[in-house]
Amino acid sequence: MAFYKNDAFNFLSKMTPRRINNAAKVVSSFYISKWLKKPIQWGKPFTISIEPTTACNLKCPECPSGLRAFTRPTGNLKEDFFKKTIGELHKTLMYLIFYFQGEPYINPKFLEMVKHASDKGIYTITSTNGHFLNDENARKTIESGLDRLIISVDGTTQETYENYRIAGKLESVLQGARNVVKWKKEMKSKTPHIIFQFLVVRPNEHQIPEIYKLADEIGIDEVKLKTAQVYDYEHGNDLIPTISKYARYRENADGTFSVKNKLMNHCWKLWHACVITWDGLVVPCCFDKDAQHRLGDLKQLSFSQIWQSEPYQQFRTKLLKGRKEIDICTNCTEGCKVFE
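About the criteria used
- Every chain's residues receive numbers from 1 upward, in the order its sequence appears when written.
- Selection of residues for local features in this predicted model requires a pLDDT of at least 70, selection of side-chain atom pairs for listing and counting requires 80 or more, and totals for whole chains, interfaces and linings are taken over all residues.
- Note that the side-chain values use all heavy atoms of the structure and ignore hydrogens as well as water.
- Strands are runs of DSSP state E lasting at least two residues, helices are runs of H or I lasting at least four, and both sets are numbered from the N terminus onward.
- The buried label applies to any residue whose accessible area, calculated with a 1.4 Å probe on protein chains only, is under 20% of its type's maximum; exposed applies above 50%, and partly exposed to all values in between.
- By definition in these notes, contact holds between two residues if any of their heavy atoms fall within 4.5 Å.
- Only the protein chains shown count as covering a residue, and every accessible area follows the Shrake-Rupley method with a 1.4 Å probe.
- Strand pairing is assigned whenever DSSP identifies at least 2 bridges connecting the two strands.
- Convention adopted: a line fitted to C-alpha atoms gives each axis, helices being fitted over their contacting stretch, and angles between N-to-C directions are expressed from 0 to 180 degrees.
- Here, the term right-handed applies to a crossover whose path from the first strand over the helix to the second runs clockwise when the strands point away from the viewer.
- Each Phe, Tyr or Trp ring, with Trp reduced to its six-membered ring, pairs with another whose centre is within 6.5 Å; inter-plane angles below 30 degrees give stacked pairs, above 60 give edge-to-face pairs, and intermediate values give tilted ones.
- The span you would expect from a helix comes to 1.5 Å times its residue count less one.
- Known as pLDDT, the predictor's per-residue confidence is scaled from 0 to 100.
- Take the buried residues of types Ala, Val, Leu, Ile, Met, Phe, Trp, Tyr and Cys, join any two whose side-chain atoms come within 4.5 Å, and each joined set is a nonpolar core.

## Comments concerning the overall build of the protein
Now for step 1: The number of helices and strands found in the protein is twelve helices and eleven strands.
Now for step 2: With respect to the principal axes defined by its C-alpha atoms, the protein has extents near 55 × 50 × 40 Å.
Now for step 3: Relative to its 340 residues, the protein shows a buried fraction of 56%.
Now for step 4: For the protein, restricting intrachain contacts to residue pairs at least 6 apart in sequence, the fraction spanning at least 24 positions comes to 68%.
Now for step 5: Of the roughly 15,500 Å² that the protein leaves accessible, carbon and sulfur atoms contribute 53%.

Structure follows, in structure tokens:
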């Protein structure tokens, strides 16, 4: 995770000896596991993703929420369950990624939960499609103490934007961003660090220079270009960019496509992070969008029991033996190195 200067100072201000000590344990156990090819797990994860909801107002073509393609139930994270989970983890947790599937602001208690985590000294992050950042929600976002706000803006004109963000209104998103910038200035707040995330696909790649200009005009802190995960890529896909560095896939001599990233038989995610669904399931990472690899249920066990459980260790063992045998890994483009 990259940090800008002010954002980095904010993150470092939340560090405690206990959190630093836990992170050192996690990093050490990861490298020992790589060396021994055997899962050694010390400490607790210092990054978790918690899912506020599976519901979404848009119908993006490569998103299970947008496609309404989940086999798991749709619902909202409950505030009491969230507080219980944070109560167990907050002393070692460095940052909370407050999204997985769905649009976080649909959960009516979302910002109250952000405030609770922020009050525990946790660096909080969320990602939104920007349609719910009305004036009131923008003010409440600042008041919540949210540290990083990622707003998806995948086009600089309505025609291009709605090509991927189906049912979305670009002007609503841009006005939402303006609302957050306005309240951030009025309240003299250093947070959140506001990011325009631009998912680079073939229909919008020509607008990359324009997104930087638009962000500067509004007062956005950072623009992040993101490569798109495509499910049906082997025989090409209209979403795969023509600009190679923004594509996760390479074209082979026979005209088929393959994932650029080499599947190494280790993964940093399985040592320092995990995902918790809205209804308490613990899954390995954000590529398990339908929660098929369920490593535990927080309605039945504590997080500590799940993190060191036999199912978790078996999954880590399987990963160290061969990631290509794990379905969610085959389309993975995440790096395997610490701090990559």
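## Quick word on the sheet that holds strand β11 (residues 296-297)
Each strand in a sheet pairs with another by means of backbone hydrogen bonds, the pair being arranged parallel or else antiparallel.
Now for step 1: Strand order in the open sheet made by the nine strands is β6-β5-β4-β3-β2-β1-β9-β10-β11, with mixed pairing throughout. The strands lining the two open edges of the sheet, one partner per strand, are β6 (222-227) and β11.
Now for step 2: Lying over the sheet, helix α1 (residues 5-12) contacts β2 (95-97), β3 (123-128), β4 (148-152) and β5 (193-200), oriented at roughly 130° with respect to β3.
Now for step 3: Of the strands in this sheet, β4 and β5 touch helix α8 (residues 170-186), which is tilted by about 160° from β5.

## A closer look at the side chain of Ser29
Now for step 1: By the element assignment, Ser29 lies in helix α2 (residues 17-36).
Now for step 2: Owing to a relative accessible area of 0%, Ser29 belongs among the buried residues under this scheme.

## Examining the pairing of β5
Now for step 1: Buried residues dominate β5, accounting for eight of its eight residues.
Now for step 2: Burial of the side chains of β5 extends over both faces: His193, Ile195, Gln197 and Leu199 are buried on one face and Ile194, Phe196, Phe198 and Val200 on the other.
Now for step 3: Sheet topology places β4 next to β5; five bridges connect them, and they run parallel. If you follow Ile151 over to β5, its bridge partner there is Phe196.
Now for step 4: Looking at chain direction, β5 and β6 are connected through six bridges and run parallel. By the bridge assignment, Val200 is partnered in β6 with Thr227.
Now for step 5: Chirality of the crossover, the property in question, places the unit of β5, helix α9 (residues 208-218) and β6 among those that are right-handed.

## Considering the packing of aromatic side chains
Now for step 1: Considering all chains together, one arrives at twelve aromatic pairs under this definition.
Now for step 2: A ring pair is formed by Phe11 and Tyr123, whose centres lie 5.5 Å apart and whose planes are at 85°; its orientation type is edge-to-face. Of this pair, Phe11 sits in helix α1 while Tyr123 sits in strand β3, and the two are 112 residues apart along the sequence.
Now for step 3: By relative accessible area, Phe11 is classed as buried at 11%.
Now for step 4: By relative accessible area, Tyr123 is classed as buried at 0%.

## Remarks on α8
Now for step 1: The terminal C-alpha atoms of α8, which comprises 17 residues, lie 24 Å apart, in line with the 24 Å expected from a rise of 1.5 Å per residue.
Now for step 2: If you check which residues of α8 are buried, you get Leu170, Val173, Leu174, Gly176, Ala177, Asn179, Val180, Val181, Trp183 and Lys184.
Now for step 3: On the buried face of α8, the contacting elements are α6 (135-144), β4, α7 (158-164), β5 and α9.
Now for step 4: Looking one or two residues past α8, Lys188 carries a phi angle of roughly 50°, positive in sign.

## Observations concerning unusual backbone geometry
Now for step 1: At the junction of Thr191 and Pro192, the peptide bond is cis and its omega measures out at 0° in the coordinates.
Now for step 2: Examined against the element boundaries, Pro192 turns out to sit in the loop between α8 and β5.
Now for step 3: Not every positive phi belongs to a glycine, and Lys37 is a case in point at roughly 55°.
Now for step 4: You can see Lys37 is positioned in the loop between α2 and β1 (47-50).
Now for step 5: Here the phi dihedral of Ala167 falls at roughly 80°; this positive angle occurs in a residue that is not glycine.
Now for step 6: Note that Ala167 resides in the loop between α7 and α8.

## So, the confidence of the model for the protein
Now for step 1: Confidence in the prediction for the protein averages 91 pLDDT; 94% of positions are at 70 or higher.
Now for step 2: Throughout residues 335-340 the model reports pLDDT below 50, and contacts reaching past four residues in sequence, or to other chains, amount to 13 contacts.

## Structural notes on the nonpolar core
Now for step 1: Counting residues in hydrophobic clusters, the biggest one holds 95 residues, and the most contacted among them are Ile50, Phe82, Leu96, Phe98, Ile151, Phe196 and Ile276.
Now for step 2: When residues of this core are assigned to their parent elements, the largest contribution, seven residues, is made by α8.
Now for step 3: When residues no more than four places from it in sequence are discounted, the contact partners of Leu96 are Ile48, Ile50, Phe82, Ile86, Ala117, Ile122, Tyr123, Thr124 and Ile125.

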